[in-house]
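A structural walkthrough
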Amino acid sequence: MVVYNLYIFNRNGQCLFYREWLRRRPGTMTQEEEFKLMNGFMHSIKSFVQRLSPQDLKDGFVSFKTNCYKLNYYETATGLKFVLNTDNNVGNIRDILHQLYSTIFVNYIVKNPSCSATDIINTEQEIFIEKLDEFISNLSIFAQTNKA
């Protein structure tokens, strides 16, 4: 199984962080355009799911699967949105995304006095990036193909 990339958006739709582990096809738009497209897609699909669901969803929208990839989604109570793209053989990873938020993001961004959870996470946040890479690479869903 493969982990492709991770987006972290704030409640206003600004991409705070993007990390890529394996991208098989180069993007055809600027990174900023891609962030806006992804955020707009997440907003639309979440609204679509809420309106058409025959029952009240406890967790709301959690994933979207195509024949090529699976988009996994986790939203915190404060409106942070975590989007992790994987291959489509990955099961429900909501707990993994929650763990990523509660252990990596909270410990290395929220509790870090030199940065704010609402600011863009840049390369100066080396410990966060290092711990994130370590966390992702230790997941069972992170295949050897990512490490090549």
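Worth saying up front: this structure is predicted, and the values here are computed from it rather than measured. (Residues numbered from 1 in each chain as written. Predicted model: local features only at pLDDT ≥ 70, side-chain atom pairs only at ≥ 80, totals over all residues. Heavy atoms only, no water.)

1. Thoughts on the sheet that holds strand 5 (residues 81–86)
Pairing is antiparallel across the open sheet formed by five strands, whose spatial order is 2-1-5-4-3. Looking at the sheet topology across the chains shown, the edges are occupied by strand 2 (15–20) and strand 3 (63–65). Adjacent strand axes in the sheet meet at a mean angle of 10° when their direction is disregarded. As judged from the three bridges shared by strand 3 and strand 4 (residues 70–75), these two strands associate in the antiparallel manner. By the bridge assignment, Lys65 is partnered in strand 4 with Lys70. Across the sheet, helix 2 (residues 94–110) touches strand 1 (3–9), strand 4 and strand 5, and the angle it forms with strand 4 is around 50°. (Pairing = 2+ DSSP bridges. Helix = DSSP H or I, 4+ residues; strand = E, 2+ residues; numbered from the N terminus. Axes fitted to C-alpha atoms, helices over the stretch in contact; angles between N-to-C directions. Contact = heavy atoms within 4.5 Å.)

2. A look at the layout of surface pockets
Over the atoms rolls a probe the size of a water molecule, and in doing so it shows where empty space is left. The volume enclosed by the largest pocket comes to roughly 680 Å³. If you trace the largest pocket, you find 19 residues lining it, with Asn5, Tyr7, Arg23, Tyr69 and Asn85 closest to the centre. Listed by contribution, the elements that provide at least two residues to the lining of the largest pocket are strand 1 and helix 1 (31–52). Top contributing element to the lining of the largest pocket by residue count: helix 1, with four residues. Across the lining of the largest pocket, the residue classes break down as 11 nonpolar, four polar and four charged. (1 Å grid on protein atoms, 1.4 Å probe; cavity = no way out; pocket = protein on both sides within 12 Å on 5 of 7 lines; lining within 4 Å. Points joined across faces, edges and corners; volume = space filled by probe spheres on them. Nonpolar A, V, L, I, M, F, W, Y, C, P; charged D, E, K, R; others polar.)

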